[in-house]
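Take a look at the letters that make up each chain.
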Amino acid sequence: GHGDISLSLSFYFNQVYGFDISPDMLEESEKNKKRLQELRDDFNPDKVIFNMGSFYERLLIEETVNVILLNNSIHYAEENTVKIIIDNLLEHLNKDGIIIILEPGEDSNFGDKRLNQPGELRDKKLKKINDVRSELREYLENSTQKVKTSFFNHLTDKDGKIRTFMIVIKKN
């Protein structure tokens, strides 16, 4: 993405890594990092590192981390690859580290306005999200040796609409 979440988290963590598969998004992230450095004296740009990376492969992280956040990304995974992705991410976590996965919910609005209209495109997108959610559930039910705890939760807004679902996975 644009790096907004990574940049925001840098105020609360010692080191933040942001990964994307898109060179254009990494360029935007670096621009936003420079912009934030100009706007805020309390921002330390050395705490944020943006790199090219995919959750299918080993990420360029020098040491294991305490928290991994996947925001609006795992539903882009190819079918039957959730196990590969989560196993890879668990390799990057400290013992008792957590993976937080935030994904659109059934009432979400999308950046692509066509997906916000009822119809085949939206239905297809929501089906993909639900398929990945099912794959995650199945993986977690069968991964008790690797995963200490996990839970699924819906995050709702003031009008009770489900905008996001969240999964938290704690490493054994």
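This next bit is on the overall build of the protein chain. Within the protein chain, the regular secondary structure consists of four helices and six strands. Listing each helix as α and each strand as β along the protein chain from the N terminus yields α-β-α-β-β-α-β-α-β-β. The C-alpha atoms of the protein chain give 17 Å as radius of gyration, which agrees with the globular expectation for 172 residues (16 Å, within 12%). In terms of its C-alpha atoms, the protein chain occupies a principal-axis envelope of roughly 45 × 40 × 30 Å. Residues classed as buried in the protein chain amount to 38% of the 172 residues present. Partitioning the intrachain contacts of the protein chain with sequence separation of at least 6 by distance along the chain shows that 68% fall at a separation of at least 24. Of the accessible surface of the protein chain, which amounts to about 10,700 Å², a share of 49% is contributed by carbon and sulfur atoms. In the protein chain, which carries 25 positive and 30 negative side-chain charges, the distance between the mean positions of the two groups comes to 3 Å.

We now examine the side chain of glutamate 103. Mapping glutamate 103 onto the fold places it in strand β4 (residues 93-104). No salt bridge is formed by the buried glutamate 103. Its closest oppositely charged neighbour is lysine 125, at 7.3 Å. A polar contact of 2.8 Å, which involves the side chain of glutamate 103, links it to the backbone nitrogen of serine 73. In this structure the side chain of glutamate 103 is engaged in a polar contact, spanning 2.3 Å, whose partner is the side chain of histidine 75.

Under the counting rule described, the total for this entry stands at six salt bridges. Among the salt bridges present, the one from lysine 127 reaches aspartate 131, with a minimum N-O distance of 2.8 Å. On the criterion of helical spacing, the pair formed by lysine 127 and aspartate 131 is a turn pair, its members being four residues apart in helix α4 (residues 120-141). What makes aspartate 131 partly exposed here is its relative accessible area of 37%. Through salt bridges with shared partners, a single ionic network connects Glu27, Glu28 and Lys31.

This part takes up the confidence of the model for the protein chain. Averaged over all residues, the pLDDT of the protein chain is 86; the fraction at 70 or higher stands at 99%. The weakest mean pLDDT in the protein chain belongs to strand β6 (residues 162-171) at 73; the strongest belongs to helix α2 (residues 23-39) at 94.

A few words now on α4. In this model, α4 (22 residues) spans 31 Å end to end at C-alpha, consistent with the 32 Å of a helix rising 1.5 Å per residue. When we look at burial in α4, the residues that qualify are Arg122, Lys125, Leu126, Ile129, Val132, Arg133, Glu135, Leu136, Tyr139 and Leu140.

Moving on, we get to the nonpolar core. Counting residues in hydrophobic clusters, the biggest one holds 28 residues, and the most contacted among them are Ile74, Ile86, Leu89, Ile99, Ile101, Leu136 and Ile169. Contributions of two or more residues to this core are made by β3 (65-71), α3 (82-91), β4, α4 and β6. Here the element with the most residues in this core is α4; it accounts for six residues.

Before going further, it helps to spend a moment on the pairing of strand β2 (residues 48-52). Across five bridges, strand β1 (residues 16-20) lies against β2 in parallel orientation. Note on β2: the bridge partner recorded for valine 16 is valine 48. Taken together, β1, α2 and β2 form a β-α-β motif whose crossover is right-handed.

Sheet topology note: the β3/β4 ladder contains six bridges and is parallel. Pairing of valine 67 across the sheet is with isoleucine 98, part of β4. The β-α-β motif built from β3, the intervening α3 and the parallel element β4 has right-handed crossover chirality.

About the criteria used
- Residues numbered from 1 in each chain as written.
- Predicted model: local features only at pLDDT ≥ 70, side-chain atom pairs only at ≥ 80, totals over all residues.
- Heavy atoms only, no water.
- Helix = DSSP H or I, 4+ residues; strand = E, 2+ residues; numbered from the N terminus.
- Rg over C-alpha atoms; globule rule 2.2 N^0.38 Å.
- Buried < 20%, exposed > 50% of the residue type's maximum accessible area, 1.4 Å probe, protein only.
- Contact = heavy atoms within 4.5 Å.
- Areas by Shrake-Rupley, 256 points an atom, 1.4 Å probe, with all protein chains shown as cover.
- Lys, Arg positive; Asp, Glu negative; His and termini not counted.
- Charge placed at Lys NZ, Arg CZ, Asp CG, Glu CD.
- Salt bridge = Lys/Arg side-chain N within 4 Å of Asp/Glu carboxyl O.
- Polar contact = N/O pair within 3.5 Å; in protein donor to acceptor, adjacent residues only side chain to side chain.
- pLDDT = per-residue confidence, 0-100.
- Expected span 1.5 Å × (residues − 1).
- Core = buried A, V, L, I, M, F, W, Y, C linked by side-chain atoms within 4.5 Å.
- Pairing = 2+ DSSP bridges.
- Right-handed = clockwise from strand over helix to strand, strands pointing away.

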